[in-house]
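Next come the chains, spelled out residue by residue.
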Amino acid sequence: MLLKAKWVLPIVQKPIEDGAVVIGGDKIKSVGKFEELKEKYPTEKIKDFGQAVLMPGFVDAHSHLEYSVFRGLCDDLSFSYWKMQLTRKSSKLSDEDWFYSAKLGALEAISSGITSIADSTNTGASLKAAKEAGLRGIIFHEVVGMDNSKVDETISEAKKFVSSWQAEASGTNLEIGVSPYSVYAVSPPLFQAVSHWAREEGLKVCFHLAGSLDECEFVKYGSSSLATLYLEQMGWSDFLWQPMGVSPVKYVEQWDALESGKVMVVHCVQVSDADIDILKKYDVSVVHCPKCSAKLGMGIAPLEKLLRQNLKVGMGMDSPASNNTLDMFDEMRVGLLLQRGFEEKVDGFSAEKFIGLATLGGAQVLGIDSEVGSLEKSKKADLIAVDISRTYQSPVSDPCSALVYTANQEDVIFTMVGGKVLYEKGKYSILDKKDVLSKAEPIRTKLKS
Ligand SMILES: [Zn+2]
């Protein structure tokens, strides 16, 4: 099949005007000018997207698909209170509710041009939904626990989950990792045990780190609402939390949590230069979630410093519970504007730079950049088409400008993963939109009560 559009954005080279991509099976065969490829592949069926951009699918480097039904239910709360609200309401959901919530997330991801995810899940619902939906990426099994006497038990349970999830993911585009949730939900010995296990098994690791000031105060002084209200809500008040007197990054380093070699950390808003040096020392990847961090009052991550250290950085959207939409265009736009405001300068943050973070950058964070993240010969055919013909976009002379400054998730008209079309012009080839939306309504009613 030969896909043609006004612009092709390979990421690893400049945009190609009147470009095309040739697909063979699940891979990309060639990328270039339409006229040249038409001559080289005269028998290929041509699909013309017209005034559109063909580009690699977005990599959402941090998601919780299963939180999708919480959209709009935890607004206008600071991070700690948001987390407590989410935890309180979560207890109302059944396994089937979680599954449909995750399917709602998968539905939105696919129609928003997301082809790969790195999803953290407590219930496993995201694995089932992502598998059914045909998404690519990593599903992280969440591990939590503050009781030091139960570390062995928790690890043994987690091993069983990971093993059964690996069997469930076999033959799909998904792999399984492990996520010690955060410093306020995982005791130091448990962090250490997860890290040692991950290193032995070669598992990828993901956790939230240095997001809010509350988290910093919790680690450093044993204070903030995380140390009082949150621990109490979780039934962990009896476990002695020893203030560490250091930053969250330094603290996890002390407990070997960065040592497994395949670690990605989410947020990194509250990081000093010394913290960034530590992340660099262990080659830790960072997931930048600008909208979520701003909405929950966590702050603005020092992206320029992270990139200057040559850390691998991708874009994450966390979940509709905190970010309300899985719109990577919005994420790039807000992310870019916040950085310019924060740094009080325009240099260094271009539209092209953010598109790179949202595609190849994310793929590097997930460790799948040899397969996806750019349009190149022999890479997997994970790509999307974005309509740029609307009044608010026209006229277009720079596709990167159009994508970051004007486009939104509704402009995605085509999503393909591994050569399979998952979405085209409002129609899903696998998921049943009507069914998922009808199931989401009664779950919302349950959550509101
Ligand atoms: Zn998260």
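Residues numbered from 1 in each chain as written. Predicted model: local features only at pLDDT ≥ 70, side-chain atom pairs only at ≥ 80, totals over all residues. Heavy atoms only, no water.

Draft legend 1. Representation of the packing of helix H14 (residues 328–343) against helix H15 (residues 351–366) in the model. With their axes 10 Å apart at the nearest point, H14 and H15 run at an angle of 130° to one another. By the angle between their axes, H14 is oblique relative to H15. By crossing handedness, the relation of H14 to H15 is classed as right-handed. Of the residues in H15, those touching H14 at Met 328, Met 332, Gly 335, Leu 336 and Gln 339 are Ala 351, Phe 354, Ile 355 and Ala 358. Across the contact of H14 with H15, the residue classes break down as seven nonpolar, two polar and no charged. (Axes fitted to C-alpha atoms, helices over the stretch in contact; angles between N-to-C directions. Helix = DSSP H or I, 4+ residues; strand = E, 2+ residues; numbered from the N terminus. Parallel < 35°, antiparallel > 145°, perpendicular 65-115°, else oblique. Left-handed = near helix turned anticlockwise from the far one by under 90°. Contact = heavy atoms within 4.5 Å. Nonpolar A, V, L, I, M, F, W, Y, C, P; charged D, E, K, R; others polar.)

Draft legend 2. Local environment of the domain arrangement of the protein chain. Domains assigned within the protein chain are domain 1 (2–56 + 382–428) and domain 2 (58–366). With 26 residues of domain 1 in contact, the opposing surface of domain 2 contributes 28 residues. Taken together, domain 1 and domain 2 are joined by two salt bridges. Taken together, domain 1 and domain 2 are joined by eleven residue pairs in polar contact (both at pLDDT 80 or more). Elements with a minimum of two residues in the side of domain 1 that touches domain 2: strand S5 (52–56), strand S14 (383–387), helix H16 (399–405), strand S15 (412–417) and strand S16 (420–424). With five residues, H16 is the single largest residue contributor to the side of domain 1 that touches domain 2. Of the residues assigned to the side of domain 1 that touches domain 2, the class counts are 18 nonpolar, six polar and two charged. (Domains from an automatic or database assignment. Salt bridge = Lys/Arg side-chain N within 4 Å of Asp/Glu carboxyl O. Polar contact = N/O pair within 3.5 Å; in protein donor to acceptor, adjacent residues only side chain to side chain.)

Draft legend 3. Spatial organisation of the coordination of the zinc ion. The protein atoms that coordinate the zinc ion are His 62 (NE2), His 64 (NE2), His 208 (NE2) and Asp 318 (OD), at distances of 2.0 to 2.4 Å. Mapped onto the sequence, the donors of the zinc ion take the spacing H-x1-H-x143-H-x109-D. Residue His 62 shares its accessibility class with His 64, and that shared class is buried. (Donors = N, O, S within 2.8 Å, 3.2 Å for Na, K, Ca; no water. Buried < 20%, exposed > 50% of the residue type's maximum accessible area, 1.4 Å probe, protein only.)

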